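For reference, the chains in residue letters:
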Amino acid sequence: MRRRRAGRGAEAEEPIARKGGMPRALALTLASVFVWGVAHLAARRRLAGGLLFGVFTLLVTAGVVAGVVIGWERISLWISIRPDWLAGIALAVLALGLVWVTVVIRSYRVVQPAGASLPTRLAGRFLIVVLCVLVAAPSVWAAHLTYTYRDALSSIFQQAGHRSHGTVDQKDPWAGQRRVNILLLGGDAAGNRTGLRTDSIILASIDTTTGRTVLLSLPRNLESFPMPPGPARDRFPYGFTGDGPLNPGLLNEVYEYAENHPEVVPGTPPNRRGPELIKGTVSEILGLPIDYYIVVDMFGFADIVDAMGGVRIRIDQPIPYGQRGDVLQAGDRRLNGKEALWYGRSRTDSDDYTRMGRQKCLLRALAKQADPQRVLTRFHRLAAATKRTISTDIPLDLMPAFIRLSGKVKDGARIDSLQFVPPLIHTGNPDFALIRRLSAKAIADSGRQSGASPSPGGSPVGRPDPSPPRPHSGRPAPDGATPTPEADHTVPTSLDKVCPS
């Protein structure tokens, strides 16, 4: 502040700047960080101080009113589905941070003590620089997170969108649909394989009102399954038979087959052919419509677990894995990404069907433990891992509805599981009529137990079975195990009872 040499103006202004010295100047500057204009008003800069205070009050009032009237959760969900808005928000946050830093600097300049010694002035300026960094850091961090989130959204949903599914009404996003069926695919593109094999195939049927979920699991080595109508069924009218001697016709080969033979899914771009064909194939096997798919690269899945800080799970028996004799010891464990991957993949001293059960327990644990605080504190790593790992055709406009639905699952909605594995189903000669009947019954029972009533709109619970039912044969499974009675295996089991916790 300039010092006046003479006149009453100097007497009126100088004491304000000098009284209290540097401590007072720093205190007023700090106060201006939290309420704009305080330092200017103290220095009798009434016009500038009043303007800053008015702008600050307007911003705070607008934020409070928006939060109370609309709700911050609703606002955040609304913004989260608009990547184009997110770029603007990132710039706006940076601009706000720049304005805030400017306010801090100007506040100090109007109250800095006149005639202070050089060391005092240098100390004061150093502290103001530190204060500016502290003020700017949250804005830069928030803008970076916003941009990272936008980048992840654009990558994951780059080919998904509401255009192919119709416009989503946010007031009724499910459009009266009682259940939403999502195909969860775990892809294994290991170095000793060509292409991607879907070794984990689970249909999640979720009640859109209660969040109650039924998981229907199909083994990767299922054979002789029907293909969906169209070019695929024309090529394999009696069931899928594979592509050459190295591909005998297992369910986990369908994804790669479609990517290598675009003629069976005409008009579908690369990296979408596999999901589309296996989506239609699983729909035929289960007799259920499938709304969306999610493909997770199994090796990228380890990055997601690491980004979340690991996953807590109880292991009842030691699980050997790998070729070096490593073992996941029994007990309550927090698994890192590599360990969680092997927990869901290892077949050493077990089989495909045992690991199918572990995979669903792993999904349950992740769903229960993915709380907002953990996601926020590890957001950057999680977004980067998700972008590399996940692909889906879920419309971006449905994200808020799915977020609310996942909240119901996390808050305790029951998850039931039904596995179509030996001895109930013989993978080499499956009883597809039985599979369809049990799938429809599991979902119908889940709807009744959750209090839902059938509605004429939305996806049907199941489709009529085109093939005549055949009795359960009771003959030995391919591995020589003798099947137990059908009733022992046909009832879905709650994961709360099956999975150690």
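S.K.: Is there a simple way to explain the overall build of the protein chain in this structure?
M.R.: Across its full length, the protein chain holds 17 helices and 11 strands. Split into buried and exposed, the 501 residues of the protein chain put 48% on the buried side. Of all intrachain contacts in the protein chain linking residues separated by at least 6 positions in sequence, the fraction that spans at least 24 positions is 71%. When the accessible area of the protein chain is evaluated, it comes to approximately 25,200 Å², of which 59% is carbon and sulfur surface.

S.K.: Could you clarify how one ought to interpret empty space enclosed by the protein in this entry?
M.R.: Here the idea is plain: a probe the size of a water molecule rolls over the atoms and shows the empty space left. Overall, the coordinates contain 3 cavities of 30 Å³ or more when judged by the stated rule. For the second largest cavity, the full set of lining residues is Gly186, Asp188, Asp199, Ser200, Met298, Gly344, Arg345, Arg355 and Gln359. Tallied by class, the residues present in the lining of the second largest cavity amount to 1 nonpolar, 4 polar and 4 charged.

S.K.: Looking at this structure, how should I read the pairing of strand S10 (residues 415–419)?
M.R.: Residues in a regular strand point their side chains to alternate faces of the sheet. Along S10, 5 of the 5 residues are buried, which leaves the element largely enclosed by surrounding structure. Of the two faces of S10, both are covered, the one formed by Ile415, Ser417 and Gln419 as well as the one formed by Asp416 and Leu418. The pairing of strand S3 (residues 213–218) with S10 spans 5 bridges and is parallel. Among the inter-strand pairings, valine 214 is bridged to a residue of S10, identified as aspartate 416. Where S10 and strand S11 (residues 493–494) come together, 2 bridges link them in antiparallel fashion. Within the sheet, the bridge partner assigned to aspartate 416 lies in S11 and is serine 494.

S.K.: Help me understand the confidence of the model for the protein chain in this model?
M.R.: Detail in the predicted coordinates should be disregarded across regions flagged by low pLDDT. Here the protein chain shows a mean pLDDT of 80. Residues at 70 or above account for 80%. Across the protein chain, helix H9 (residues 273–286) holds the top mean pLDDT of 96, while helix H1 (residues 8–18) sits lowest at 43. Considering only residues more than four positions removed or in separate chains, one finds that residues 159–164, a stretch of pLDDT under 50, has 9 contacts.

S.K.: I'm lost on the pattern of salt bridges in this one. Help?
M.R.: Any two side chains of opposite charge can pair, given that their charged atoms come close. Within the structure shown, the criterion is met by 11 salt bridges. Glutamate 339 serves as the salt-bridge partner of arginine 333, at 3.6 Å between the closest nitrogen and oxygen. On the basis of relative accessible area, arginine 333 is assigned to the partly exposed category, the value being 23%. Residues arginine 414 and aspartate 416 are paired through a salt bridge, measuring 2.6 Å at the closest nitrogen-oxygen approach. Judged by relative accessible area, arginine 414 falls into the partly exposed class, the value being 31%. Connected through shared salt-bridge partners, Arg212, Arg414 and Asp416 make up one network.

S.K.: For this particular structure, what's the right way to read the sheet that holds strand S1 (residues 179–188)?
M.R.: By way of backbone hydrogen bonds, the strands of a sheet pair with one another, either parallel or antiparallel. With respect to topology, 7 strands assemble into an open sheet ordered S9-S4-S1-S2-S3-S10-S11, the strand pairing being mixed. Whereas interior strands pair on both sides, the edge strands pair on one side only; in this sheet they are strand S9 (390–392) and S11. Sheet strands in contact with helix H10 (residues 298–307) are S1, strand S4 (292–297) and S9, and its direction is about 80° off that of S4. Of the strands in this sheet, S1, strand S2 (197–207), S3 and S10 are in contact with helix H12 (residues 352–369), which crosses S10 at around 165°.

S.K.: Can you help me understand helix H6 (residues 118–156) in this one?
M.R.: Along an α-helix, residues three or four positions apart point the same way, because every turn accommodates 3.6 residues. Helix length check: H6 (39 residues) gives 56 Å between terminal C-alpha atoms against 57 Å at 1.5 Å per residue, within 8%. By the largest-angle criterion, alanine 136 marks the main kink of H6, which is about 30°, and a proline, proline 138, follows within four residues.

S.K.: Is there a simple way to think about the environment of isoleucine 182 in this case?
M.R.: You can see isoleucine 182 is positioned in strand S1. The buried category is assigned to isoleucine 182, whose relative accessible area is 5%. In contact with isoleucine 182, not counting residues within four places along its chain, are Ile202, Leu203, Ala204, Ile206, Tyr292, Ile294 and Phe402.

S.K.: So what exactly am I meant to see when it comes to the pairing of S1 here?
M.R.: The element S1 is largely enclosed, with a buried count of 9 among its 10 residues. Bridge count between S1 and S2: 10 bridges; the pairing is antiparallel. Counterpart to leucine 185 in the pairing with S2 is isoleucine 201. Looking at chain direction, S1 and S4 are connected through 6 bridges and run parallel. Within S4, the residue paired with leucine 183 across the bridge is tyrosine 293.

S.K.: How do you make sense of the layout of surface pockets when you look at a structure like this?
M.R.: One number sums up the size of the second largest pocket: a volume of about 670 Å³. Of all the secondary structure elements, the ones that give two or more residues to the lining of the second largest pocket are strand S5 (311–315), strand S6 (319–321), H12, S10 and helix H17 (495–498). At 5 residues, the largest contribution of residues to the lining of the second largest pocket is made by H12. Across the lining of the second largest pocket, the residue classes break down as 15 nonpolar, 9 polar and 6 charged.

S.K.: Would you mind showing me how to read a positive patch on the surface here?
M.R.: There is a patch of like positive charges on the surface, built from Arg45, Arg106, Arg109, Arg121 and Arg125. If you list the elements that add at least two residues to the positive patch, you get helix H5 (83–111) and H6. Tracing the backbone shows arginine 121 in helix H6. Residue class for arginine 121 comes out partly exposed when judged on its relative accessible area of 31%.

S.K.: Whenever I open this one, the nonpolar core confuses me. Can you help?
M.R.: One broad rule of soluble globular proteins: the nonpolar side chains tend to lie buried together. If you look at the biggest cluster of nonpolar residues, it comprises 40 residues, and the most contacted ones within it are Leu216, Leu218, Leu286 and Phe420. Elements supplying a minimum of two residues to this core: S1, S2, S3, helix H8 (254–260), H9, S4 and helix H16 (432–449). Per-element tally for this core: the top contributor is H16, with 6 residues. In contact with leucine 216, not counting residues within four places along its chain, are Ile201, Ile202, Leu203, Leu286, Leu288, Leu418, Phe420, Ser439, Ala442 and Ile443. Counting 28 residues, the second-largest nonpolar core is a separate cluster that includes Leu215, Ile313, Ile319 and Cys499.

S.K.: What is the right way to read the packing of aromatic side chains from this model?
M.R.: When we look at a pair of aromatic rings, we describe it by the centre distance and by the angle of the planes. What the rule picks out here adds up to 10 aromatic pairs. Among the aromatic residues, ring-to-ring pairing joins Phe225, Phe236, Phe240 and Tyr257 into one connected group. When the ring centre of tryptophan 342 is taken as origin, the NZ or CZ atom of arginine 345, which lies over that ring, is 5.4 Å away. Positioned above the aromatic ring of tyrosine 343, the side-chain terminus of arginine 358 is 5.8 Å from the ring centre.

Rules and cut-offs
- Residues numbered from 1 in each chain as written.
- Predicted model: local features only at pLDDT ≥ 70, side-chain atom pairs only at ≥ 80, totals over all residues.
- Heavy atoms only, no water.
- Helix = DSSP H or I, 4+ residues; strand = E, 2+ residues; numbered from the N terminus.
- Buried < 20%, exposed > 50% of the residue type's maximum accessible area, 1.4 Å probe, protein only.
- Contact = heavy atoms within 4.5 Å.
- Areas by Shrake-Rupley, 256 points an atom, 1.4 Å probe, with all protein chains shown as cover.
- 1 Å grid on protein atoms, 1.4 Å probe; cavity = no way out; pocket = protein on both sides within 12 Å on 5 of 7 lines; lining within 4 Å.
- Points joined across faces, edges and corners; volume = space filled by probe spheres on them.
- Nonpolar A, V, L, I, M, F, W, Y, C, P; charged D, E, K, R; others polar.
- Pairing = 2+ DSSP bridges.
- pLDDT = per-residue confidence, 0-100.
- Salt bridge = Lys/Arg side-chain N within 4 Å of Asp/Glu carboxyl O.
- Axes fitted to C-alpha atoms, helices over the stretch in contact; angles between N-to-C directions.
- Expected span 1.5 Å × (residues − 1).
- Bend = angle between axes of the 7 residues up to and from the residue.
- Patch = residues over 30% accessible without salt bridge, like charges linked within 9 Å, V, L, I, M, F, W, Y side chains within 5 Å.
- Lys, Arg positive; Asp, Glu negative; His and termini not counted.
- Charge placed at Lys NZ, Arg CZ, Asp CG, Glu CD.
- Core = buried A, V, L, I, M, F, W, Y, C linked by side-chain atoms within 4.5 Å.
- Phe/Tyr/Trp six-rings, centres within 6.5 Å; stacked < 30°, edge-to-face > 60°.
- Lys NZ or Arg CZ within 6 Å of the ring centre and 35° of its normal.

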